[in-house]
Amino acid sequence: GGGSDLHCSETKCPELGVPGEAKIMSSKSQPPLVRKPLEFKTLFYARRVNDGEEGVETDGVAYITVGRSVWESPDGTAEGSDGSTIRCELMLSVNLVREIKTENGEMWCELTSITHGVSPGVPIFVGKQLGLVAAENYIKDIRALFEK
């Protein structure tokens, strides 16, 4: 694991009036049975979604994140790889987090996550296992934030 934030912006686009936060994150991981570390560089955008907006029903607060790989440099050219890692392409990642009220009145958090990625050089059976482990770690990371 491990990653770093390359750019962070908490702004509202003045021309479009789009609230939210955009961040480019870079990370590397070394899964078992893969000879080189996997490298990711992803643009994420997150914002709050109000009840009824975008067809989302919620009993409280909801947030959506959207992600996509970005391997281009700030001047629009593709950055070359030094060959020490396997670059992975995150085609699309969408996460919807929303509060829902249970039948007994308790407020719970529902997480819907859809991710499509390509990892060249990673066998399919390893990729499927990595996907399950990544999903489990994602939930653990979220829980850890609230246990602090």
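See above for the structure.
If you're wondering where the values come from, they're calculated on a predicted model, not measured in any experiment.

Undergrad: Give a description of the nonpolar core that names residues and reports values.
TA: Considering soluble globular proteins, one finds that nonpolar side chains tend to be buried as a cluster. Val-34, Leu-38, Ile-86, Cys-88, Val-122 and Val-126 form the largest nonpolar core, which has 6 residues in total. Setting aside anything within four residues of it in sequence, one finds Val-122 in contact with Val-34, Leu-38, Gly-127 and Leu-130.

Undergrad: Lay out the environment of Leu-130 with the relevant residues and their values.
TA: In this fold, Leu-130 is placed in helix α1 (residues 124-146). A sequence separation of 98 residues divides Leu-130 from Pro-32, and the C-alpha atoms of the two residues are 9.1 Å apart. Those residues in contact with Leu-130 that lie beyond four places of it in its chain are Pro-31, Leu-38 and Val-122.

Undergrad: How would you explain a nonpolar patch on the surface if you had to name every residue and give the values?
TA: On the surface, Tyr-138, Ile-139, Ile-142, Leu-145 and Phe-146 cluster together into a nonpolar patch covering about 490 Å² of accessible area. Structurally, Leu-145 is set in helix α1.

Undergrad: An account of the side chain of Thr-42 is needed here, citing residue identities and associated values.
TA: Residue placement: Thr-42 occurs in strand β3 (residues 38-49). Once you skip the residues sitting within four places of it in the chain, Thr-42 turns out to touch Lys-23, Ile-24, Met-25, Gly-67, Arg-68, Ser-69, Val-70 and Leu-90.

Undergrad: Which residues make up the side chain of Thr-85, and what are the values?
TA: Mapped onto the secondary structure, Thr-85 falls in the loop between β4 (62-69) and β5 (86-87). The buried category is assigned to Thr-85, whose relative accessible area is 9%. A polar contact of 2.6 Å, which involves the side chain of Thr-85, links it to the side chain of Glu-39.

Undergrad: Mind laying out the pattern of salt bridges, listing which residues take part and the relevant values?
TA: Overall, the coordinates contain 5 salt bridges when judged by the stated rule. One salt bridge connects Arg-87 with Glu-39, and the closest N-O pair in it is separated by 3.9 Å. Of this pair, Arg-87 sits in strand β5 while Glu-39 sits in strand β3, and the two are 48 residues apart along the sequence. A relative accessible area of 22% places Arg-87 in the partly exposed class. Two residues, Arg-68 and Glu-89, come together in a salt bridge whose shortest N-O distance is 2.6 Å.

Cut-offs applied
All residue numbers refer to position in the chain's written sequence, counted from 1. Given that the model is predicted, a residue must reach a pLDDT of at least 70 before its local features are reported, and side-chain atom pairs must reach 80 or more before they are shown or counted; all residues, however, enter totals for whole chains, interfaces and linings. Excluded from the side-chain calculations are hydrogens and water; all other atoms, namely the structure's heavy atoms, are used. Take the buried Ala, Val, Leu, Ile, Met, Phe, Trp, Tyr and Cys residues and link them wherever side-chain atoms come within 4.5 Å; each set so joined is a nonpolar core. Throughout, exposure labels follow a simple rule: accessible area from a 1.4 Å probe, protein chains only, divided by the maximum for the residue type, with under 20% read as buried, over 50% as exposed, and the rest as partly exposed. Here, residues are in contact when the closest pair of their heavy atoms is within 4.5 Å. Secondary structure elements are defined from DSSP: runs of H or I of at least 4 residues count as helices, runs of E of at least 2 residues count as strands, and each element is numbered from the N terminus. Patches were defined on residues exceeding 30% relative accessible area and lacking a salt bridge, with like-charge contacts within 9 Å and nonpolar side-chain contacts (Val, Leu, Ile, Met, Phe, Trp, Tyr) within 5 Å. Only the protein chains shown count as cover for residues, and all accessible areas are computed by the Shrake-Rupley method using a 1.4 Å probe. The salt bridge criterion pairs a side-chain nitrogen of Lys or Arg with a carboxyl oxygen of Asp or Glu, the two atoms within 4 Å. Two N or O atoms form a polar contact when they lie within 3.5 Å of each other; inside protein one atom must be a possible hydrogen donor and the other a possible acceptor, and for residues adjacent in sequence the pair counts only when both atoms belong to side chains.

Keep in mind these numbers describe shape, not what the thing actually does.
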